[in-house]
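# Fold and contact review
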Amino acid sequence: MKKKWWHQAVMYQIYPRSFQDSNQDGIGDINGIIQRLDYLQNLGIDGIWLSPVYESPNDDNGYDISNYEEIMAEFGTMEEMEQLIEEAQKRNIKIVMDLVVNHTSDEHAWFIEAKKSKDSVYRDYYIWREAVNNQAPNELRSTFSGSAWTLDEETGQYYLHLFGKKQPDLNWENQAVRKEIYKMMNFWLDKGIGGFRMDVIDLIGKQPDQLVTGNGPKLHDYLKEMNQATFGNKDVMTVGETWGATPEIAKLYSNPSRNELSMVFQFEHIGLDEQPGKEKWDLRPLEISALKEVFTKWQTSLGDEGWNSLFWNNHDLPRIISRWGNDSIYRERSGKLFAILLHLMKGTPYIYQGEEIGMTNHPVSSIEEVNDIESKNMYWERLEKGIAKEEILHSINTKGRDNARTPMQWDDSPQAGFTTGTPWLPVHSNYKQINVKRALEDKQSIFYTYQKLIQLRHQQEVVVWGDFQLIETVENVFAYKRIYKDEVWLIVTNISEEKQSFTSEDKIDTWIIGNLLPRTTLYQCELEPYEAFAVKIS
Ligand code: TEU
Ligand code: CA
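Parameters and conventions
- Residues numbered from 1 in each chain as written.
- Chains lettered and ligands numbered in written order.
- Predicted model: local features only at pLDDT ≥ 70, side-chain atom pairs only at ≥ 80, totals over all residues.
- Heavy atoms only, no water.
- UniProt positions renumbered as here; feature names shortened; annotations may be inferred.
- Pairing = 2+ DSSP bridges.
- Helix = DSSP H or I, 4+ residues; strand = E, 2+ residues; numbered from the N terminus.
- Axes fitted to C-alpha atoms, helices over the stretch in contact; angles between N-to-C directions.
- Contact = heavy atoms within 4.5 Å.
- Near = heavy atom within 4 Å.
- Polar contact = N/O pair within 3.5 Å; in protein donor to acceptor, adjacent residues only side chain to side chain.
- 1 Å grid on protein atoms, 1.4 Å probe; cavity = no way out; pocket = protein on both sides within 12 Å on 5 of 7 lines; lining within 4 Å.
- Sits in = over half its atoms within 2 Å of the grid points.
- Nonpolar A, V, L, I, M, F, W, Y, C, P; charged D, E, K, R; others polar.
- Expected span 1.5 Å × (residues − 1).
- Buried < 20%, exposed > 50% of the residue type's maximum accessible area, 1.4 Å probe, protein only.
- Arc of directions from axis to C-beta.
- Domains from an automatic or database assignment.
- Buried area = accessible area lost by both parts, 1.4 Å probe.
- Donors = N, O, S within 2.8 Å, 3.2 Å for Na, K, Ca; no water.
- Salt bridge = Lys/Arg side-chain N within 4 Å of Asp/Glu carboxyl O.
- Points joined across faces, edges and corners; volume = space filled by probe spheres on them.

An unreviewed UniProt entry annotates the protein as Glucan 1,6-alpha-glucosidase of Enterococcus phoeniculicola ATCC BAA-412. The heading Sequence similarities (unreviewed entry) in the UniProt record of the protein holds the text "Belongs to the glycosyl hydrolase 13 family."

Next up, the structure:
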């Protein structure tokens, strides 16, 4: 496989609204990110996935774009965006932009024109259908609850939106749409960005009349065309968000010989605490055996025909320590466990802002405290169905997206140093204990575990290229080896609050990293709750 910079990179996702406010309006902004680049350079990351900063009415906090080539006023100016790219480059940090082209905002000029008349030249930029029996054309549902079709009174037709009503889906079958998108992508590539994260890119081949949304028949034709028309001959990274991907599908996107994308975000591990075939809110307990099986499958299926991304968190997911660890007495230990477990696997790891200091979920007690459109729509839909308010709020507190969107906690000053204004979403009340300043002062903090893991990826070929081999253990112990030429590393984690047994005849050559005191033998160990370590074995 031809080696690329992103094979050895560690990425950091910034949700700009919640990262750092620099002009005291309580909303994070681009200048605030520039102010924090030295912190990110100290962490050691190679690239930033920047969630959308384009003009938007913020119905879905920027994932509803009204102008792809202007910066949202709340976030700053184009000059400041160009300065961010330049300042990041000075620190060898690439800026990977969020490409949201399955849909636009309904306030985009294209949709405003399209809505005016069935004969508009922009009409076919979107997906319109006649009513059927005075109803929506079919039973496609929006991810944000309700029908995926909304009637436009003006022209009497329905338009498709797989997300919010204010996020009409683009019609990728229309070559004019594709050309506009490629032109916009080159506008950003010409500014020297490091690549794109592609929002729900598996949906652009949809066939709404056949109720097909993900992985439609023309999807890969479009991606090949996009590759050739924009980033194909540039040394940039592209990562597709593909919720339904299997390893075989992932190879279609990321096999270098197919000239499509560098890698994808696959979510099979993310769905393991959700009831199969139901919604993300319908929960079931996580089984560690299933986690081991899914990761092993992905770590051993791609070979040279694809590349893994590695993540626990993003702006859509609850904080991993609260979700699958312990965010009280074992917060630091379980936070380090998830870092060690994930960052020594094969693939490109993504750290979500605040993950490196062990930030946790932020529970709410009423719907009035909730910002996120997905949670709010679900709340009212389920309340309408007679589900108890307490049960719905429990779902939101467990899986709601606001959990990831509370302001970054920088220090123990008011509003955690995020703003001196009123934050758009309240700061978590635990900011005095959990903040960057405190983490940097404590050499045993989660921060330094991440910093060390990033160094290991930069320095050790076994971390980047080593083969993965699952080790047979008791249910709640997840242990694996990485093997590269004559070097073998063993990673052992106890993902439980109970002691667990682990034994190996292997001898420890070097202690690499751990969240408790170094061990001297692997024979007949009794692992502490959430104990995690990695050793080089001889
Ligand atoms: O998310 C795709 C998506 O389907 C998620 O919203 C997911 O269904 C759910 O939130 C899991 O918790 C992307 C963006 O990451 C998300 O922020 C946007 O809301 C969405 O697309 C629409 O652009
Ligand atoms: Ca601001």
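## Description of the sheet that holds strand 18 (residues 508–514)
Taken in spatial order, the 5 strands line up as 14-15-16-20-18 in an open sheet, and their pairing is antiparallel. A single partner strand is all that each edge strand has here, and the edge strands are strand 14 (467–471) and strand 18. Mean inter-strand twist for the sheet, computed between neighbouring axes without regard to direction, equals 20°. Note that strand 15 (residues 477–484) and strand 16 (residues 487–494) share 8 bridges and pair antiparallel. Residue pairing in the sheet places Val 477 in a bridge with Asn 494 of strand 16. Relative to strand 18, helix 14 (residues 446–459) is tilted by about 130°, and along the sheet it contacts strand 16 and strand 18.

## Considering the site of ligand 1
Residues in close proximity to ligand 1 total 18 residues, the closest being Asp 60, Asp 199, Lys 280, Asp 316 and Arg 401. One of the side-chain N or O atoms of Asp 199 is found 2.8 Å from an oxygen atom in ligand 1. Here an oxygen atom of ligand 1 and a side-chain polar atom of Glu 374 are 3.0 Å apart. Cavity membership is defined here by more than half of the atoms lying within 2 Å of grid points; on that basis ligand 1 lies in the largest pocket. Split into classes, the residues belonging to the shell around ligand 1 amount to 5 nonpolar, 4 polar and 9 charged.

## Looking at helix 5 (residues 175–189)
Relative to the 21 Å expected for 15 residues at 1.5 Å per residue, helix 5 spans 21 Å between its end C-alpha atoms, a close match to the ideal helical length. Where helix 5 is concerned, the buried positions are Val 177, Arg 178, Ile 181, Tyr 182, Met 184, Met 185, Trp 188 and Leu 189. Take helix 5 and look down its axis: the buried residues cluster within an arc of 160°, on one side only. Exposed side chains of helix 5 directed beyond 90 degrees from the buried face belong to Lys 179 and Lys 183. The N-cap of helix 5, judged by a side-chain oxygen 2.9 Å from the amide nitrogen of Ala 176 a few residues on, is Asn 174.

## Focus on the domain arrangement of the protein
Annotation of the protein at the domain level lists domain 1 (5–104 + 175–449), domain 2 (109–160) and domain 3 (467–537). If you average the C-alpha positions of domain 1 and of domain 2, the two centres end up 29 Å apart. Facing 20 residues of domain 1, the contacting portion of domain 2 comprises 18 residues. Roughly 1500 Å² of surface becomes buried between domain 1 and domain 2 when both sides are summed, with 59% attributable to carbon and sulfur atoms. Looking only at domain 1, the three residues that lose the most surface to domain 2 are Glu 180, Pro 208 and Leu 211, adding up to 31% of its buried area.

## Structural notes on the coordination of the calcium ion (ligand 2)
Protein-derived ligands of the calcium ion (ligand 2) are Asp 21 (OD), Asn 23 (OD1), Asp 25 (OD), Ile 27 (O) and Asp 29 (OD), with the metal-ligand distances lying across 2.2 to 2.4 Å. Read from N- to C-terminus, the donor residues coordinating the calcium ion (ligand 2) fall into the pattern D-x1-N-x1-D-x1-I-x1-D. Each of the two residues, Asp 21 as well as Ile 27, counts as buried.

## What to know about the side chain of Asn 494
The topology assignment puts Asn 494 in strand 16. Judged by relative accessible area, which is 0%, Asn 494 ranks as buried. Looking at Asn 494, its side chain comes within polar contact range of the main-chain oxygen of Glu 498, at 2.8 Å. Aside from chain neighbours lying at most four places away, what touches Asn 494 is Leu 337, Asn 476, Lys 499, Gln 500, Leu 527, Glu 528, Pro 529, Tyr 530 and Glu 531.

## A short note on the pattern of salt bridges
As enumerated under the stated definition, the model contains 42 salt bridges in all. For Arg 17, the salt bridge is made with Glu 74, and the minimal N-O distance between the two is 3.1 Å. One end of the pair, Arg 17, is in the loop between strand 1 (11–14) and helix 1 (30–35); the other, Glu 74, is in the loop between strand 4 (67–71) and helix 3 (78–90), and 57 residues separate them in sequence. Owing to a relative accessible area of 10%, Arg 17 belongs among the buried residues under this scheme. Exposure remark for Glu 74: the relative accessible area of 30% places this residue in the partly exposed category. In this structure, the salt-bridge partner of Arg 401 is Asp 316, at a minimum N-O distance of 3.1 Å. With Arg 401 in the loop between helix 12 (389–399) and helix 13 (436–441) and Asp 316 in the loop between strand 12 (309–310) and helix 9 (320–324), the pair connects residues that are 85 residues apart, well separated along the chain. Looking at Asp 316, the relative accessible area reads 10%, which means it is buried. Taken together, the shared-partner salt bridges connect Asp 60, Lys 280, Asp 316, Asp 372, Glu 374, Arg 401 and Arg 405 into one network.

## Digging into empty space enclosed by the protein
Space left empty within the atom packing is revealed by a probe, the size of a water molecule, rolled over the atoms. A full pass over the atoms with the stated rule returns 4 cavities of 30 Å³ or more. Reported here for the largest cavity is a volume of approximately 130 Å³. Lining the largest cavity we find 15 residues, and of these His 362, Val 364, Glu 369, Asp 402 and Asn 403 sit closest to its centre. Looking at the lining of the largest cavity residue by residue, the classes come out as 5 nonpolar, 6 polar and 4 charged.

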